[in-house]
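Architecture and fold: a report
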Amino acid sequence: MKELEATLNSRIKRKRNANPDRLRSFFTPEEINRISERTIHLVGTNGKSSTAYYLSNILSKSGFSPGLFTSPHIKSLKERISIKGESNDFDEEVYKIIERLTFIEQEKDIHLGYFETLTFIAITLFVRFDLDYYILEAGIGGRLDPTSVGSGGTVILTSLSYDHTELLGDTLQEIASEKIRVSNRIVDFIIPKFDSDLLNFISKELDSSVKLHVVDENYITELNNIKSGLGHDSTRPLLNSEIMNKALALKASEVVLNKRVSFDDIGNKSLVGRYQVKSTKSKIIIYDMAHNPEAMSFLKDKIINDYSEKFSIFISFNKGKDYKAMIDILESVASKFYLPYERLWNNAVDSKELVGYLEQKAIPYECISEKSLIEKEDRILFTGSAYLIGKLVSL
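Residues numbered from 1 in each chain as written. Predicted model: local features only at pLDDT ≥ 70, side-chain atom pairs only at ≥ 80, totals over all residues. Heavy atoms only, no water.

Details of unusual backbone geometry
Filter applied, for reference: In this text, helices come from DSSP runs of H or I with a minimum length of four residues, and strands from runs of E with a minimum of two, each type numbered from the N-terminal end. Partly exposed describes any residue whose relative accessible area lies between the buried limit of under 20% and the exposed limit of over 50%, with all areas from a 1.4 Å probe on protein chains only and scaled to the type maximum.
Across the junction of serine 71 and proline 72, the peptide omega takes the value -5°, indicating a cis bond. With phi around 45°, serine 151 is a residue other than glycine that occupies positive phi space. Looking at the secondary structure, you find serine 151 in the loop between β4 (133-137) and β5 (154-157). One non-glycine residue with positive phi stands out, namely alanine 362, at about 55°. Mapped onto the elements, alanine 362 comes out in the loop between α14 (351-360) and β12 (365-367). Of the residues examined, alanine 362 reaches a relative accessible area of 66% and is grouped as exposed.

This is the structure we're talking about:
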């Protein structure tokens, strides 16, 4: 995907667009109708990529051809786009799509940004391959996200917590409202069981014609009693646990296929940078891109469930993130925190700032290189940002 990488790199500094109609104008009315008929939206603070992956697997196993578009990627752009469960280069098709994109941009005097371009390429690929379903994971929010061009009938809201508040709002209600509006043609809206106030708010925000599907403990118990591929016997899953993500995907498949499907397994592949475990006889290294308190809480509980030992935790965060809350969450599973000597990417929080908080809390820490840490310790967790994981996951 060298051609795609070059095209995207030239667009990194373009300002984020807040007008999805701009991207919508790049498709014909006939294409827009087809896209809308086949799109399934994924919105939410956490759990979108995993849920989308499980849903793609279910649809493939059911004999359909899904296209899957997720974000972010950790090592390669190929992670973002898959067709019928396969992530290939699609070089020839991508080259043709970029040619078309360039022509339309010149004709309309509209120049798409980084994520708009990726969304255009993914959806155009799905149209050209005449796929049955287009599974689109929103980048940020929903209403103003480029994936809203799909305006599909099925929307899955995986979770709600505080992230990107500068763009989405300061309350969970404001954030929910932004995510709900990823489509103006919603027929089915699928969510986990939120608290009653938030559930009532979401119900009122949706048009009266929309069918609201709530995945709760009763539904998960039903799945555990059948050959669902859920793969767990817990009736009290965490909001963003693997079980809830699978259950949301299974409910979505029931909705779009109009029947309950059952399989031995709907997939347990570790997505790159999402609780990705590398183990040898002597070492266990976990890479996880958790970057907000809710995701970090799930990560902590997952580690407690899977391991009895504490971990050496190497952290770095994007500016603007609530790193204090995330450090507090991880403290109970940390034998010691480790920090990079210097910023590993431009928008990273300076390690001196992290040191200040760790010293204030009297939490043990050390500055070290990533490779030295791997040589030194046997139980290691790298976490805090997708940017961090992208730089380290191949070590």
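Looking at the confidence of the model for the protein chain
For clarity, the threshold we go by: A residue's pLDDT is the confidence the predictor assigns to it, expressed on a 0 to 100 scale. Note on contacts: a residue pair is in contact if any heavy atoms of the two residues lie within 4.5 Å.
Taken over all residues, the pLDDT of the protein chain has a mean of 88, while the share at 70 or more is 92%. Note on residues 233-240: pLDDT is under 50 here. Beyond four places in sequence and across chains, it has 24 contacts.

Examining the side chain of serine 50
With respect to the helices and strands, the residue serine 50 is situated in helix α4 (residues 48-61). In this structure serine 50 comes out as buried when scored by relative accessible area, which is 19%.

Quick notes on helix α10 (residues 217-224)
Defined as follows: To be clear, the arc concerns the directions from the helix axis to the C-beta atoms. Whenever two N or O atoms come within 3.5 Å, that pair is a polar contact, provided that in protein one can donate a hydrogen and the other can accept it, and provided that, for residues adjacent in sequence, both atoms are side-chain atoms.
All buried positions along α10 are accounted for by Tyr219, Ile220 and Leu223. What you see down the axis of α10 is that its buried residues fit within an arc of 95°, all on one side. Those residues of α10 hidden inside the fold are in contact with β7 (211-215) and α11 (242-257). At the N-terminal boundary of α10, the capping side chain belongs to aspartate 216, with an oxygen 3.2 Å from the backbone nitrogen of asparagine 218.

So, the environment of leucine 250
Residue position: leucine 250 is located in helix α11. In sequence terms leucine 250 and leucine 223 are 27 residues apart; their C-alpha atoms lie 8.9 Å from each other.

Focus on the sheet that holds β5
The cut-off we apply is this: At least two bridges found by DSSP between two strands is the condition for calling them paired. Inter-axis angles, ranging from 0 to 180 degrees, are taken between N-to-C directions of lines fitted to C-alpha atoms, where helices are fitted over the stretch in contact.
As summarised here, the arrangement of the 7 strands in space is β3-β2-β4-β1-β5-β6-β7, forming an open sheet in which the pairing is mixed. Each edge of the sheet is formed by a strand with only one pairing partner; in this case those strands are β3 (81-83) and β7. Within the sheet, the average angular offset between the axes of one strand and its neighbour, ignoring direction, is 15°. As paired strands, strand β2 (residues 66-69) and β3 are joined by 3 bridges and run antiparallel to one another. Bridge assignment links phenylalanine 69 to a residue of β3, and that residue is isoleucine 81. The strands that helix α6 (residues 114-128) touches are β2, β3 and β4; relative to β2, the one it contacts most, it runs at about 170°. In the packing of helix α9 (residues 196-205) onto the sheet, the strands contacted are β5, β6 (188-192) and β7, and the crossing angle to β6 comes to about 170°.

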